[in-house]
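# A look at the structure
Read off the chains here:
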Amino acid sequence: MSHSLSEGGAAVSAPVAATPLQRPAAAPRRPGLLVATLPLANVALYLLWLGVGSFLLPLQVAQITGTNDTTALSTAGTTGAVLATIGNPVFGQLSDRTRSRFGRRAPWILLCAVLGALALVLQAQAATIATLGLSWGVVQFVMNGYQAALTATMPDRVPPVRYGTFSALVGLGVPLGTIAAALVIGGVPGTKFGVSGVIGGFGGRFTGADGYYLIAATVVAAALVFTLASPDSDARALPREPFSPRAFLANFWVSPRQHPDFAWAFLSRLGVLLGYFIVLTYNLYLLADHIHIPPQDLLPTVGFLMVVNAVCTVAASVLVGPLVDRVGRVKPFVLGSGVAAAVALTIPIASPTENGMLAYNIAGGLAFGVYMAVDMALITKVLPRTEDAGKDLGVINIANAGPQILAPTLAGWIVAAGGYEALFPVAAVVSLIGAFGVLRVRGVR
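As the structure is a prediction and not an experimental result, all values here were calculated from the model. (Residues numbered from 1 in each chain as written. Predicted model: local features only at pLDDT ≥ 70, side-chain atom pairs only at ≥ 80, totals over all residues. Heavy atoms only, no water.)

## A word on the overall build of the protein
Looking only at helices and strands, one finds 18 helices and zero strands in the protein. With the model as given, the accessible surface of the protein reaches about 16300 Å², and the carbon-plus-sulfur share is 69%. (Helix = DSSP H or I, 4+ residues; strand = E, 2+ residues; numbered from the N terminus. Areas by Shrake-Rupley, 256 points an atom, 1.4 Å probe, with all protein chains shown as cover.)

Put into structure tokens, the structure is as follows:
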């Protein structure tokens with residue numbers, strides 16, 4: 001599952017003047033509509049990542065294998081995440097080079113939404129782990145094109161003095177997508193994927209395939225609303241660079257020596273999100289096999305905990321985003337959220353119960369909300385060149401896909417060596433390392 005969770009410089013309230021290679025983002029066209037449509041487009045994206053990754057994928061693995069097979073889930077998830085890692089920077093650079101009357105990003109947002117929807121329809125029919133992994137890989141590759149183009153909207157169209165507010169708005173995609181996934185997918189009791197101790201015994205009129213179809217339709221609808229209601233500027237007059245395959249490939253490299261803040265921001269995000277995904281990857285199986293939630297209560301419990309987590313994330317994000325713009329500092333919020341997330345991960349260690357998981361989701365949701373409110377503001381402020389924003393955000397979003405590649409394998413080793421309870425201390429340590437990495441970002445306060 002890929003999920004691109006968020007995306008620099010002086011204080012937010014007093015941005016550094018642009019260098020010859022950089023220019024400040026222009027004031028957004030129809031800013032009122034952008035405030036509404038950008039979160040909506042992100043909600044649809046994270047409904048996909050979380051609805052499939054947290055519900056439909058593990059349940060479909062259970063249907064295919066007949067058991068809660070963590071190895072098969074790891075195989076299917078890793079295949080998709082590898083292709084996601086490639087897709088984000090590739091599509092990001094393609095959108096940077098696009099010159100059309102509809103702008104640079106809109107054509108790719110629409111195209112990838114349609115192709116991703118078609119791939120989801122095909123994935124609903126997957127009958128083997130190999131085809132499931134391949135189809136999920138295609139979905140992630142294409143939808144990372146959607147994410148790369150959508151993410152570049154912020155440096156393209158938002159002035160730096162509003163980075164905190166828009167970072168929080170973009171960050172709302174994760175918790176609101178989580179709520180939508182929990183209510184729409186987790187709240188569907190009649191999934192045909194419920195077998196062998198996962199959700200066996202349910203009966204109803206919905207099927208797992210219906211979840212895929214609903215997500216596919218939502219993604220296309222959100223893409224249409226975003227591109228039509230808040231259109232981008234005509235890009236045909238922008239300078240064009242001659243295409244060179246060698247230069248195209250070389251441009252993916254961002255030198256850590258020349259751009260150390262970019263590199264440290266990348267590594268910080270990698271650590272924080274790896275700690276997050278180590279637990280999230282096996283969340284369904286963890287609740288079933290470690291917390292021992294009865295099969296008939298499993299999906300409702302997962303959905304309830306996800307909604308609690310998401311509501312806390314929304315509350316923290318909405319409060320912190322504007323505060324960042326007023327305070328003019330980003331790093332203390334990133335560091336504090338990472339430390340708080342690590343502390344939250346210790347709760348299920350002390351209380352491996354349903355109530356312990358509830359407390360963990362409340363504390364972890366608040367910490368993650370603070371992180372989502374500032375992460376994109378930090379990343380946007382360390383971009384090497386705004387002309388390459390799509391590509392550079394695609395590179396930085398490898399720190400989203402990378403943890404999804406590493407987490408299934410790493411979590412599998414952890415469970416094999418120390419059981420499910422070992423996931424929490426390892427995730428806490430990794431999150432702390434990532435959080436403290438932000439201290440090395442020198443150009444942002």
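## Points about the confidence of the model for the protein
Residues with a pLDDT of 70 or more make up 81% of the protein, whose mean pLDDT is 78. Of all helices and strands in the protein, the one with the weakest mean pLDDT is helix H9 (residues 245–250) (65), whereas helix H3 (residues 106–123) scores best (96). In this model, residues 1–29 is a region of pLDDT below 50 whose contacts with residues beyond four sequence positions or in other chains number 120 contacts. Scored below 50 in pLDDT, residues 188–206 makes 50 contacts in the model with residues more than four places away or belonging to other chains. (pLDDT = per-residue confidence, 0-100. Contact = heavy atoms within 4.5 Å.)

## With respect to the packing of helix H6 (residues 163–171) against helix H15 (residues 354–381)
H15 packs onto H6 with a crossing angle of 125° between their chain directions and a minimal axis gap of 7 Å. Accordingly, the angle class assigned to the pair H6 and H15 is oblique. Seen along the crossing, H6 lies across H15 with a hand that is right-handed. Between H6 and H15, the residues in contact are Tyr-163, Gly-164, Ser-167, Ala-168, Val-170 and Gly-171 and Met-372, Ala-373, Val-374, Asp-375, Met-376, Ala-377, Thr-380 and Lys-381, respectively. (Axes fitted to C-alpha atoms, helices over the stretch in contact; angles between N-to-C directions. Parallel < 35°, antiparallel > 145°, perpendicular 65-115°, else oblique. Left-handed = near helix turned anticlockwise from the far one by under 90°.)

## As for the pattern of salt bridges
The tally for this structure, following the rule as stated, stands at five salt bridges. Two residues, Asp-156 and Arg-105, come together in a salt bridge whose shortest N-O distance is 2.6 Å. In this pair, Asp-156 sits in helix H5 (residues 153–157) while Arg-105 sits in the loop between helix H2 (70–97) and H3, placing the two residues 51 residues apart along the sequence. Overall, Asp-156 belongs to the buried group, its relative accessible area being 15%. Asp-232 is the partner of Arg-157 in a salt bridge, and the nearest nitrogen-oxygen pair spans 4.0 Å. Pair noted here: Arg-157 is in helix H5 and Asp-232 is in the loop between helix H8 (208–229) and H9, with a separation of 75 residues, a long-range link. The same class applies to Arg-157 as to Asp-232, namely buried. Residues joined in a network through salt bridges with shared partners are Asp-96, Arg-104, Arg-105 and Asp-156. (Salt bridge = Lys/Arg side-chain N within 4 Å of Asp/Glu carboxyl O. Buried < 20%, exposed > 50% of the residue type's maximum accessible area, 1.4 Å probe, protein only.)

## Description of a nonpolar patch on the surface
Together, Val-339, Val-343, Leu-432, Phe-436 and Leu-439 make up an exposed nonpolar region whose accessible area comes to about 390 Å². At the level of secondary structure, the elements contributing two or more residues to the nonpolar patch comprise helix H13 (331–344) and helix H18 (423–437). Along the chain, the position of Leu-439 falls in the segment after H18. Relative accessible area serves as the criterion here: at 38%, Leu-439 is assigned to the partly exposed category. (Patch = residues over 30% accessible without salt bridge, like charges linked within 9 Å, V, L, I, M, F, W, Y side chains within 5 Å.)

## Observations regarding H6
Within H6, eight of the nine residues are buried, leaving the element largely enclosed by the surrounding structure. Three or more residues of H6 are buried, namely Tyr-163, Gly-164, Phe-166, Ser-167, Ala-168, Leu-169, Val-170 and Gly-171.

## Considering the packing of aromatic side chains
Counted under the stated rule, the structure contains seven aromatic pairs. Pairing Tyr-276 with Phe-368 gives two aromatic rings, centres 4.6 Å apart and planes at 0°, and the pair type is stacked. Here Phe-368 lies in helix H15 and Tyr-276 lies in helix H10 (residues 260–280), a separation of 92 residues in the sequence. One aromatic cluster is present, formed by Tyr-276, Phe-277, Phe-368 and Tyr-371 through successive ring pairs. (Phe/Tyr/Trp six-rings, centres within 6.5 Å; stacked < 30°, edge-to-face > 60°.)

## Some details on the side chain of Thr-153
On the secondary structure map, Thr-153 appears in helix H5. Thr-153 has contacts with Leu-34, Leu-38, Val-158 and Phe-226, leaving out every residue within four places of it along the chain.

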